[in-house]
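What follows is the residue order along each chain.
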Amino acid sequence: MSIAAKANALWEYANPRKFLATSERVMPFFWITSIACIVIGLVWGFFFTPDDYKQGSTVKIIYLHVPAALMAINCWLMMLATSLVWLVRRHHVSALAARAAAPVGIVMTLIALATGAIWGQPMWGTWWAWDPRLTSFLILFLFYLGYVALWEAIEDPDTAADLTSVLCLVGSVFAILSRYAVNFWNQGLHQGASVMRAAAITGTDTEEKVSNIYFYPLLLCIIGFVLLFIALVLYRTGTEIRARRIKALLARERVNG
Amino acid sequence: MIALLLRDLKLAFRAGGGFGLGLAFFLIVTVLVPFSVGPQSSLLSTIAPGILWLGALLACLLSLDRLLALDWEDGSLDLLATAPLPLESVVTIKALAHWLTTGLPLVLAAPFLGVLLNLPVPGYFWLVISLLIGTPAMSVIGTFGAALTVGLKRGGLLLSLLVLPLYVPTLIFGAEVARLGATGMETQTPLLMLAGITAATIALLPFASAAVLRINLR
Amino acid sequence: MIPDLGKYADTVMWSYIVSIGLLVVLVAFSVMRGRKVRAELEKVEDRMTRHG
């Protein structure tokens, strides 16, 4: 198959029936592999990795904290992509997938924030610091809340899809702006305080520091979280498609009867 | 266009409440702060720039749900949408009218409220400058939020939830300018960032607001 | 069975409990709503076919 034909074949999944049939077929694979990856990764990480010489056993939190944080951001990116597809090509599945993904993103952000707070307590001596990275996640959380609230508030599904898509686009720009603003703001406040440097433990800086012992179980957990996210979004999109169909059928029933 | 602006301004003054309400809210927030944090003037002068910025932002937010709602209810928004004037300009005019009736009075009132909070002397200049540059962005972003929620019956609270995260960059840089200025430090970088955000939102966001309004008027 | 977590045992255990708990709640909630919507759709479709 040529690339163009493949691309065309991809759009066929915009058909709700086709999407439901295919997702039903592939979902067991995603559920099983994701749960297997997460269980193996967590067990490996929890039972079979040594304590860090500086952080002690708290290093084991990384297997939950980093994958959740990654998925919190990736989920927003996925919503951005599907919102664009909806605005450009008007495929209903795309808009519904964005709606289905948002609560998953909220939970991922919550996990990242909660594990971060629990981890931060013994490491930095505080549950919460207005560190740029922490603050950005809190702002991302607010964006998710607003997005979900807008979906819930609007009756007409097409209007809701349109408005939330635009909000997602505008919100993305402002989320990136906030990220830079927060970076600037905190530097302005604390010029390299030692607690803040400890913040480099979280997030991407870790990968450089983390030796292979921690890296492989972490990689497994990340893969597991990605697969879990896909499984959840496929499942929840299916639910949204059915809910939408119920609404359409009931409306038709009212008109006819 | 000018006729529309004049009409909006006239309506804002005639309605009575809309014009003064934001100012009164700003005053009350500022008066309540010393009651909640204590009357020590050193503490107050430290937090004054931030409090004044937050107060102005909340006062601005409070007036947003009236921005388009009245025109929506009496149907003049539909009329405006079918008028030869592009909806982008309508939205910009609306934001400008909102700024003139809400943002500008807040900017002018801020120094007087600064006295109440014992704002350091060099802070007055930077407070007014930062608010003057920052409030137009708040009006434009607010118009976008108002356009998003215009069709909803109880849009007020949702409007706040949607708009407040969008205010974060403006608040950070604006309050930073005021704070640095009050302590006599260099303010150039945040000031440029604040101006950049305001310019970019004024240039780009009306397109999003107009698009959203078109969806809602469908 | 549980490895020696040292003085940070509470910290590690709580982060695992909270995270896994949140994930389970999310999955359970999704599945519950999915089941409900699916059943409802079947009911509505059934009614539609019977009434033509």
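Residues numbered from 1 in each chain as written. Chains lettered and ligands numbered in written order. Predicted model: local features only at pLDDT ≥ 70, side-chain atom pairs only at ≥ 80, totals over all residues. Heavy atoms only, no water.

Caption draft 1: Looking closely at the interface of chain A and chain C. Counting from both sides, the interface comprises 41 residues of chain A and, opposite them, 32 residues of chain C. With both sides pooled, the region where chain A packs onto chain C buries about 3300 Å², and carbon together with sulfur makes up 75% of that total. Notably, a salt bridge pairs glutamate 24 of chain A with arginine 38 of chain C, separated by 3.5 Å at the nearest N-O pair. Elements supplying a minimum of two residues to the side of chain A that touches chain C: helix H2 (16–48), helix H3 (62–89), helix H4 (92–124) and helix H9 (212–256) of chain A. The element contributing the most residues to the side of chain A that touches chain C is H9 of chain A, with 15 residues. Here the side of chain A that touches chain C is composed, by residue class, of 26 nonpolar, 6 polar and 9 charged. (Contact = heavy atoms within 4.5 Å. Buried area = accessible area lost by both parts, 1.4 Å probe. Salt bridge = Lys/Arg side-chain N within 4 Å of Asp/Glu carboxyl O. Helix = DSSP H or I, 4+ residues; strand = E, 2+ residues; numbered from the N terminus. Nonpolar A, V, L, I, M, F, W, Y, C, P; charged D, E, K, R; others polar.)

Caption draft 2: Quick peek at the arrangement of the chains. With 2 pairs of chains in contact, the largest contact count belongs to chains A and C. A gap remains between chain B and chain C, with no contact made and the closest C-alpha atoms lying 23 Å from each other.

Caption draft 3: Molecular detail of the interface of chain A and chain B. With 27 residues of chain A in contact, the opposing surface of chain B contributes 25 residues. Both sides of the chain A and chain B interface together cover about 2200 Å² of buried area, and 85% of this is carbon and sulfur. For chain A, the biggest contributors to the area lost against chain B are Leu163, Phe174 and Phe184 of chain A; these three give 27% of the whole. Counting the contacts that link chain A with chain B gives 1 salt bridge. The closest approach of N and O atoms between arginine 218 of chain B and aspartate 162 of chain A, which form a salt bridge, is 3.0 Å. At the surface where chain A touches chain B, the tally comes to 1 residue pair in polar contact (both at pLDDT 80 or more). Counting residues per element, the side of chain A that touches chain B draws most heavily on helix H6 (residues 157–189) of chain A, at 16 residues. Grouping the constituent residues of the side of chain A that touches chain B by class yields 19 nonpolar, 5 polar and 3 charged. (Polar contact = N/O pair within 3.5 Å; in protein donor to acceptor, adjacent residues only side chain to side chain.)

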